[in-house]
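# Structure at a glance
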Amino acid sequence: MAQFDLIILGPPGAGKGTQASGIVETYGVPHISTGDMLRDAVKNQTAMGLEAKKYMDKGELVPDEVVIGIVRDRLQQPDTSKGFLLDGFPRTIPQAEALDQMLAGIERNVGKVIAILVNDEALVKRLTGRRICRDCQAPVHVVFNPPKVEGICDKCGGELYQRDDDTEATVRNRLEVYRQQTEPLIEYYDKQSVIARIDGDQAPGAVLEDVKAAIGPVL
Ligand code: ADP
Ligand code: ADP
Ligand code: ZN
């Protein structure tokens, strides 16, 4: 059984982080975001974080062996026993193959891949107006989803900030990297018959309804 071994996939800005909070609330699985974990390592100035930052600031991918190691460690935590939501991983075919191997080793498999699709011009507007909570990582948008109090997270009262890589030039490069290295995963998972394509160009609540319909009822 791997119905709740979930992946949320899509270009930067598609709404993966936004949807993740509704999904983890509904299904009770942990949210595993490689981007959040890497930013944490950067903040804590670990050797891995300092190395990763060089790639992140340019909008390039951190090397596969680094992120695969992070995910392998995380999936060994007991809170993943009933499922998980991977966000931002896998991003390359070798990462997807490594994940399949990790799961096969514990007699599990990817249950569903939620692919959130949004056109590029909307993505650029979403990313350049994005702000993130320093404490809980929740994303908001200065125009599309503004916080009740400017600069403050509605969920936890933390301070909102703009990510170093949410500038227009870096965003365009991240979209290009997505097309070349990550989009092929849609076909990879199509072959496993686990893809659900979701129209991400709707209000967040409508997107969540489509996502929940694709994953299925709570057990
Ligand atoms: P991702 O994790 O895929 O990069 P986020 O969830 O961080 O994307 O969303 C990117 C930005 O777009 C954020 O500023 C978020 O508030 C905003 N956003 C998310 N979903 C929608 C939506 N359905 N419509 C408009 N803006 C959205
Ligand atoms: P977004 O929310 O915009 O989709 P993320 O927060 O997932 O972006 O990732 C930010 C950056 O962290 C990426 O541009 C990349 O440099 C690095 N990163 C995150 N996940 C991975 C991964 N699975 N493989 C390689 N690099 C990654
Ligand atoms: Zn917060």
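Located above this text is the structure these notes cover.
Residues numbered from 1 in each chain as written. Chains lettered and ligands numbered in written order. Predicted model: local features only at pLDDT ≥ 70, side-chain atom pairs only at ≥ 80, totals over all residues. Heavy atoms only, no water.

### Quick look at the overall build of the protein chain
When helices and strands are tallied, the protein chain shows 9 helices and 8 strands. On C-alpha atoms alone, the protein chain measures out to a radius of gyration of 16 Å, which is about the 17 Å that the 2.2 N^0.38 rule sets for 219 residues. Each principal axis of the C-alpha atoms in the protein chain carries an extent, and together these give about 45 × 40 × 30 Å. Buried residues in the protein chain amount to 48% of all 219 residues. Considering only contacts in the protein chain between residues 6 or more positions apart, those separated by 24 or more positions represent 72%. When the accessible surface of the protein chain is summed, it comes to about 10,900 Å², and 51% of that surface belongs to carbon and sulfur atoms. Averaging the locations of the 26 positively and 33 negatively charged side chains of the protein chain gives two centres separated by 2 Å. (Helix = DSSP H or I, 4+ residues; strand = E, 2+ residues; numbered from the N terminus. Rg over C-alpha atoms; globule rule 2.2 N^0.38 Å. Buried < 20%, exposed > 50% of the residue type's maximum accessible area, 1.4 Å probe, protein only. Contact = heavy atoms within 4.5 Å. Areas by Shrake-Rupley, 256 points an atom, 1.4 Å probe, with all protein chains shown as cover. Lys, Arg positive; Asp, Glu negative; His and termini not counted. Charge placed at Lys NZ, Arg CZ, Asp CG, Glu CD.)

### Digging into the site of ligand 2
As a structural note, the neighbourhood of ligand 2 is formed by 19 residues, with Thr34, Arg39, Glu60, Gly88 and Arg174 the closest of them. Gln95 has a polar side-chain atom sitting 3.0 Å from a nitrogen atom of ligand 2. One of the side-chain nitrogen or oxygen atoms of Arg163 is found 3.2 Å away from an oxygen atom of ligand 2. In isolation ligand 2 offers 560 Å² of accessible surface; the protein chains occlude 96% of this area. When residues in the shell around ligand 2 are grouped by element, the largest group, 4 residues, is from helix α2 (residues 34-43). (Near = heavy atom within 4 Å. Polar contact = N/O pair within 3.5 Å; in protein donor to acceptor, adjacent residues only side chain to side chain.)

### Quick notes on the environment of Cys153
Looking at the secondary structure, you find Cys153 in the loop between β6 (139-141) and β7 (160-161). Overall, the relative accessible area of 6% leaves Cys153 in the buried class. A sequence separation of 14 residues divides Cys153 from Pro139, and the C-alpha atoms of the two residues are 8.7 Å apart. Each residue touching Cys153, except ones within four places of it in the same chain, is listed here: Cys133, Cys136, Gly158 and Leu160.

### Structural notes on the site of ligand 1
The environment of ligand 1 is formed by 19 residues, the closest being Gly13, Lys16, Thr18, Arg130 and Val140. Within the contact set of ligand 1, an oxygen atom lies 2.8 Å away from a backbone nitrogen or oxygen of Gly13. Here an oxygen atom of ligand 1 sits 3.0 Å away from a polar atom, N or O, in the main chain of Gly15. Coverage of ligand 1 by the protein amounts to 91% of the 560 Å² it exposes when considered alone.

### Examining the sheet that holds strand β8 (residues 195-199)
In a beta sheet, neighbouring strands pair by backbone hydrogen bonds and run either parallel or antiparallel. Across the sheet, 5 strands lie side by side as β2-β3-β1-β4-β8; this open sheet has parallel pairing. Edge positions in the sheet fall to β2 (31-33) and β8, since each of these pairs with one other strand and no more. Taking the axes of each pair of neighbouring strands and ignoring which way they run, one obtains an average angle of 20° across the sheet. Relative to strand β3 (residues 84-87), strand β1 (residues 5-9) is paired through 4 bridges, and the arrangement is parallel. Its bridge partner lying in β3, Ile7 is registered against Leu86. Across the sheet, α2 is in contact with β2 and β3; its angle to β2 comes to roughly 60°. (Pairing = 2+ DSSP bridges. Axes fitted to C-alpha atoms, helices over the stretch in contact; angles between N-to-C directions.)

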